[in-house]
Structure formats: structure tokens, C-alpha cells
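One-letter residues, chain by chain:
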Amino acid sequence: MPIIEVDHVNKVFKTSVRREGRFGTFISLFSPVTRQVTAVEDISFTIEKGESVAYLGPNGAGKSTTIKMLTGILEPSGGNILVGGGKPHRNRIHNSYQIGVVFGQRSQLLFDLPVRDSYEMLRYMYGIPHAHYRKNLSEFAAVLEVEQLLDRPVRTLSLGQRMRCEILAALLHEPDILFLDEPTIGLDVIAKERIRSFIEQINREKQVTILLTTHDLDDIERLCSRLMIIDKGNLIYDGSLGYIREHFATERRIRMVMPDPAAATVTAARFEGNADFRVSVQEQMIEITYDHRQIDTSELLRTLLSTCNPRDLAMQDENIEALIRRIYQDGINAVHQQPPRTAGGIR
Amino acid sequence: MIAPKRNALQQLVYLLGLYRIYLKIYFRTLIEYRTDTWVALIGGLCAQASTLTFLTVIFQRIPRLAGWSYYELVFIFGLAATGRALNQAFLNVPYSLNGYIRSGMLDVFMIRPVGPLFQATGMSQEINGVGSALTGMVILIYAASHLELHWTFAKGIYVAVALISSMIIQLAVLLAIVVSAFWILEIRSIIYPVGWLYDFTRYPLQIFTPFIRGLLTYIIPFALGSFYPAAFLLRPHLYSWAGLVVPFVAILLFILTYNLWLFGLRRYSSASG
Ligand SMILES: Nc1ncnc2c1ncn2[C@@H]1O[C@H](COP(=O)(O)OP(=O)(O)O)[C@@H](O)[C@H]1O
Ligand SMILES: [Mg+2]
């Protein structure tokens, strides 16, 4: 049985809009004007125990809203959510024992007190047996390298240090699932890497199921075999990053530097007529962009080299980051005309 | 981890233990901010003392007010002020809830294995209230020592019951307002004027118009936790009904408000971000 089941879930926010004018607030009391925002629309997926899943999407896509529903903070407006077999919103206390949550932009820790005091409070709250608590604290603190920080007030920590302490706080009660909402936001490269390697380790060694939201592709590359992309509340992709790279990153780029790029332009013109074939010249550099499924790379290279004599030549895959940005902007169909038949591809 | 099972008694002990931890946390925070703490504490004492000076001046000019003698007036004032201060010290959560919602702290409370209202209450102590409560009690004892109240053990218990009822009635009323204001009507500031209404109940209700009297007895029943219990202690034969009605109303209001809170929590839509 999957540990997380999300079945046709919607979330609609109703916000009341205050009326303009002097008596606006007063009038709104009696005839409120409401605006509806659909944050999540008909989303379905399941996650198996021990999986590590990245939830990717631009700002406002609905990532946090999904996490809040999975953690029991928000109730879905429609559809069904089961976490560990129960409805998170209906039984928050039961749910709290099986999940750990890290919000990149909120803190669990007591701001003015030493980090350890927050952990002690959590120990009592969850009723963690002393032996387990000591073992977990020393083990996680060692791996996260926060031993030196435990007696420092939270407000004196850097963002990266605090984040590591937050992750430790979320794991003290040994949850089965760890939700992380943008855990690496605002961190420098080294801090990000530390957090990634820790998450990877607890996923591998303790089979903690991971669901993390991010807009950082490196997080995914490093941590998650599975990627879900959400945009405007809709789940537009659920599959591997490799699959995206293989099937969607169809654009290749050849760059050549030569004294007379005009000659190459003439040669390249033979391939024109293909939809995605583009040539641009910039001083001594010529850049050719094409779809590797439509044009055979070796043939293109052979033709080019038979007439030109470049001083330098470089080939590039499409930048995956740019690709995903393109997926957000233009929808999945813009990057992939024929949907693949493989199961688990596009929704 | 699996949720530990607790029966009602164990749960009560667990929650008391947690509240103790919150007090410890608050105390340690106060030590971190020593200067602020002194300022708040002394501020509370001064505020109360200045009200008392004002009151002494007024009351000494009007030795009797609506049939109550000077010391009786001071007694009524003292009980009401103490109830208010204790509420502020330990159950200040209606005033801090707005901040917890905006900062997303309520979300954090909701992912933990304790009711979010309890956690929010535990994090909302106000040292200011401790200073005021001390002054309130001094006033109360000062007045009582000048009155022939024939103290018995039962009366002593009743003072405690009255103070706790007062705290709970204030909590219930203010929380009900906050919950409906946040989640039903979305006006946040209404809690302040309603809170101020409590100050009326530091004086004999007879001096007010029937409208205010009715308001503070039936609609926003702050008087049930302050004026009436004091009146019951001073004139038991005239206000005998207050003996049981006061704690009963406190419990009833709390149950109603707690359910309203649960309803509000279901409508809670978190803060963006
Ligand atoms: N509490 C809320 N009340 C009203 N609208 C909200 C609330 N939370 C989120 N939204 C809206 O829902 C959409 C999705 O938001 P969110 O889930 O926070 O996106 P993400 O985390 O992917 O950036 C946005 O349009 C946002 O403005
Ligand atoms: Mg978000």
C-alpha cells in the first residue's frame, strides 16, 4: 500500500475582498465580496514507502498548498488524501507522529533560546523515550554537524545553520515521512550541499520517505529519482528527471569559431526547412540549433566539416533548467509534441 | 513513532507538565531580556497603582456609590482587576493569535501532537500581567481587611473559583470574537474595544445604564467573573444565585467557544507562503 495517496484533490481558497470607501469594512461585514483562488486542481498521485520525490514548480504553483494538505494543516476542498492510511486533517495528532515537516520559511525553534531547549520541548511533546532521544540527537547532530550549535540561541544562527537545526527538530520523533517545503531556499552552495547529503542519507539508511518542494534543479538531481511538476495548480509531469532529459531535451547546439562564418552559413542552409533548425552568426562564431531527433548529428557534423575549417567546435545539450522553465511557460506540449506512450509520463 | 496512549488523567498530567515547560521557556526568555522584563513588570505595577490613586481620589469624594461603601468598592475593583491581570498573565492567547496566524506559527502548532490552542496559550504569557496581578491582590487584601467578611474556608475557595471563572470567561469571550473576526468576518481589531469593556466591571454595575448592565451580564458576560462574584462575597443574601452560576457559565462558555475554535480551525486557510 502506498504511504501517501492523493486522489483527485482540489483546494480552493476563498478570500474576502474589502470594499473600497469610507464604510467599506462596515458594508463588507454584511455583504462580503469573496474571490476564489484555485491553488490545486484535480491532483492525483501516490508515493510508496522509502521513495524520494521532488515537487517542482514556479512560485504560486500550489506546492506549499499541497504540502499543507498532506500535513493536515489544510483540508482539501475536494478529493481524498490518505497519509499512512489515515486522513491527515481528520486526525492531526495521529498524523503528527508519522510525519516530520520542515518549512523553509517558518521556524519550529524557540527564537530566543538555545537550540537544545526547543528539542527538549519536542521531546516532551512527542513523549520520546529518553534513550531514543539521546541516541537520535547525538546521531543526527553529528551528521548534520550541529553539535557546536546546540547551546547557542537560535537567533544567533545563520540561515544555513538554523535550517540544519530545523531538520533535526523534524526528525527527533523518527517520522516515516519527511516533508520539506523549500529547505534550501536562500542558502549558499555549501549549505545546500550539506542539507542534500543529509536528506539523501536518511532516505537511504532509514527508509524515510521524502517529499520536497523546490525550484532548485540541483536538489532534484542529487536527491530524487522521481520528479513531479506542478503548474497553476495542475500536475503536469510525474516521472524521472532522466526521462525529461532524454525525451524533452531534444535541442542540441553546435558552436563553431572560424574566420569566415559566412561560408558555414551557406552549408548549413542545406538543412533548413526543419522546424527547429536555427542558425545565428555573431562575429567569428556561428551557432546552430537543431532537434537531434530530426537531424542526424553525425551527418550534420560531416557536412559542416567538409566545407568549413573551424578553429574550435563545441556541442551542448539543452540546459535542463531552461527546459523546465519552458515547461512552466508554455506547458508540457510546447516541449513535446507527441506525448510518449510510456506509462507514468505526462498527465 | 507511534502515538502513546493516555487516559484522561494521564492526558491532564501530560498537559500540566507541558504547561510547566512553557512557563520555564517563558521564564528563560525573560532572563534573556532582563531589562525588558523589569520594564514590563514595573509598567504593570505602575499602571495599576495609577488607576488605584485615581480611584482613591474619586472614591474618597464619593464615600458611597450606588449603596456600596468605599472599602466595598475597592474590594469589587480589586477582584475584577486581579481576574483581568491573571487572564493577561496566563491566558493572553486571544491577543497573540493574530500574530501566530500571520507568521505561520499556527501551521507549526498544527503539525505537532498537541492541540494548537493549548500550544498557542502556552506561548502567550505576559509578565506585565504578573505585576498587575500582584497589585490586584494587594488591593483585594487591603479592602478585605477593612471589611467584616467573616472569612471561612469555603469563601476562600470561592475567591479562587471566581478568579479562575473570570479568567475563563474573558478567554472564552475574547477567543470567540477573535475566531469569528478572523475567519468569518475578517476584522481583526474588534477584540480591543471588547477587551476594554471589561474595565466597566471593576465598578458596581448599578451605576451604569440598563443597556450596559445587560450587555455585560448577558451578551458579553464579563461581569459574571468580576462584579457578581465580588457582590456575592459582600452581600451573599442578595446575590446568592451567583455562587453556582459563575463557575457554571464559565464552563459553558468555554465549551461553546472551544467548539467555535474547532470550527474556525477547519475553515483556517493558513497564510500564503
Ligand atoms: N492562505 C491562502 N489564502 C489565499 N490564497 C492562497 C493562500 N495560500 C496560497 N494561496 C494562493 O494559492 C496559490 C498557490 O500558492 P502556494 O501553494 O503557496 O504556491 P507555491 O508554494 O507553489 O509557491 C497562489 O496563487 C497563492 O496566492
Ligand atoms: Mg511555497
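Residues numbered from 1 in each chain as written. Chains lettered and ligands numbered in written order. Predicted model: local features only at pLDDT ≥ 70, side-chain atom pairs only at ≥ 80, totals over all residues. Heavy atoms only, no water.

1. A closer look at the overall build of chain B
Looking only at helices and strands, chain B features 12 helices and two strands. The C-alpha radius of gyration of chain B comes to 20 Å, within 12% of the 19 Å expected for a compact globule of 273 residues. Taken along the three principal axes of its C-alpha coordinates, chain B extends 65 × 40 × 40 Å. Here chain B holds 273 residues, and the buried ones make up 54% of them. When contacts within chain B are restricted to residue pairs at least 6 apart in sequence, those whose partners lie at least 24 apart make up 75%. Counting every atom, chain B has about 13,000 Å² of accessible surface; 71% of that belongs to carbon and sulfur. Looking at charge distribution, chain B has the averaged site of its 18 positive side-chain charges lying 6 Å from that of its 8 negative ones. (Helix = DSSP H or I, 4+ residues; strand = E, 2+ residues; numbered from the N terminus. Rg over C-alpha atoms; globule rule 2.2 N^0.38 Å. Buried < 20%, exposed > 50% of the residue type's maximum accessible area, 1.4 Å probe, protein only. Contact = heavy atoms within 4.5 Å. Areas by Shrake-Rupley, 256 points an atom, 1.4 Å probe, with all protein chains shown as cover. Lys, Arg positive; Asp, Glu negative; His and termini not counted. Charge placed at Lys NZ, Arg CZ, Asp CG, Glu CD.)

2. A short note on the domain arrangement of chain A
Residue and element names in this part refer to chain A. Along its sequence, chain A is organised into domain 1 (4–239) and domain 2 (248–334). Here the C-alpha centre of domain 2 lies 42 Å away from the C-alpha centre of domain 1. Taken together, the 10 residues of domain 1 in the interface contact seven residues of domain 2. Interface area for domain 1 against domain 2, summed over the two sides, is near 730 Å², with a carbon-plus-sulfur share of 76%. If you sort the residues of domain 1 by the area they bury against domain 2, Leu217, Ile229 and Ile236 come out on top, with a joint share of 51%. (Domains from an automatic or database assignment. Buried area = accessible area lost by both parts, 1.4 Å probe.)

3. What to know about the site of ligand 1
Around ligand 1 sit 16 residues, and of these Gly60(A), Lys63(A), Ser64(A), Thr65(A) and Ser269(B) come closest. Around ligand 1 the close residues trace back to chains A and B. At a separation of 2.5 Å, an oxygen atom of ligand 1 approaches a polar side-chain atom of Thr65(A). Residue Ser269(B) places a main-chain N or O atom 2.6 Å away from a nitrogen atom belonging to ligand 1. (Near = heavy atom within 4 Å. Polar contact = N/O pair within 3.5 Å; in protein donor to acceptor, adjacent residues only side chain to side chain.)

4. Details of the side chain of Thr213(A)
Residues and elements named next belong to chain A. Inspection of the secondary structure assignment puts Thr213 in strand β7 (residues 209–214). A relative accessible area of 0% places Thr213 in the buried class. Among the polar contacts listed, one links the side chain of Thr213 to the side chain of Asp181, at a separation of 2.6 Å. Here the side chain of Thr213 touches Glu182 through a polar contact of 3.0 Å, landing on its backbone nitrogen. Leaving out residues up to four positions away in the same chain, Thr213 has contacts with Tyr55, Lys63, Ile67, Leu180, Asp181, Glu182 and Pro183.

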